[in-house]
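Given next are the chains, with one letter for each unit.
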Amino acid sequence: QVQLVESGGGLVQAGGSLRLSCAASRRAFSSRTMAWFRQAPGKEREFVAAISWSGGRIDYADSVRGRFTISRDNAKNTVYLQMSNLKPEDTAVYFCAAGRGTYYSGSYWQRGEYGYWGPGTQVTVSS
């Protein structure tokens, strides 16, 4: 079974922190680039962060760089998103995604590069 499940979402005040986790099945996780996307009401799903299998390549959207940190624990088949200094504009459903192949894509920010998706977890940042 191929499965990704996010957790850790919730309500937080502006300036606060939150840590999201994505637990994946081995097939969905192993040797794949992992990424986080988010989608606010009425908006397109947008790229947040990506990390290669080894962790040697990491990329962030400009809007979160310096505030969010993506990491992974391959032994646990889990990817994390540590979010700090949260802003109301960060309010969205956050989705975990697994890449289609073993190589880090030059188009890592595109939704089409990912073959597996979790159901999402809600993050709400109040002002």
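This report concerns the structure included in the present document. Sequence order as written defines residue numbering, which begins from 1 separately in each chain. Given that the model is predicted, a residue must reach a pLDDT of at least 70 before its local features are reported, and side-chain atom pairs must reach 80 or more before they are shown or counted; all residues, however, enter totals for whole chains, interfaces and linings. Excluding hydrogens and water, the side-chain values take into account all heavy atoms of the structure.

**Points about the environment of Asn77**
Every helix listed is a DSSP run of H or I at least four residues long, and every strand listed is a run of E at least two residues long, numbered separately from the N terminus. In this structure, Asn77 sits in the loop between β7 (68-73) and β8 (78-83). Between the C-alpha atom of Asn77 and that of Ala97, which follows or precedes it by 20 residues, the distance is 13 Å. The contact criterion used is simple: two residues touch if any of their non-hydrogen atoms lie within 4.5 Å. Excluding anything up to four places from it in sequence, Asn77 contacts Cys22, Ala23, Ala24, Ser25, Arg26 and Phe29.

**Some thoughts on the state of the cysteines**
The criterion for a disulfide is a pair of cysteine sulfur atoms lying within 2.5 Å. Under the criterion given, the structure shown has 1 disulfide. Note that Cys22 is cross-linked by a disulfide to Cys96, the S-S spacing being 2.1 Å. The sign of the S-S torsion, about -85 degrees, decides the handedness of the disulfide formed by Cys22 and Cys96: left-handed. Here Cys22 is found in strand β3 (residues 18-24), whereas its partner Cys96 is found in strand β9 (residues 92-99), with 74 residues between them in sequence. Summary of the burial criterion: residues with accessible area below 20% of their type's maximum are buried, those above 50% are exposed, and those between are partly exposed, where the area comes from a 1.4 Å probe applied to protein chains only. Under the relative-accessibility criterion, Cys22 is labelled buried at 0%.

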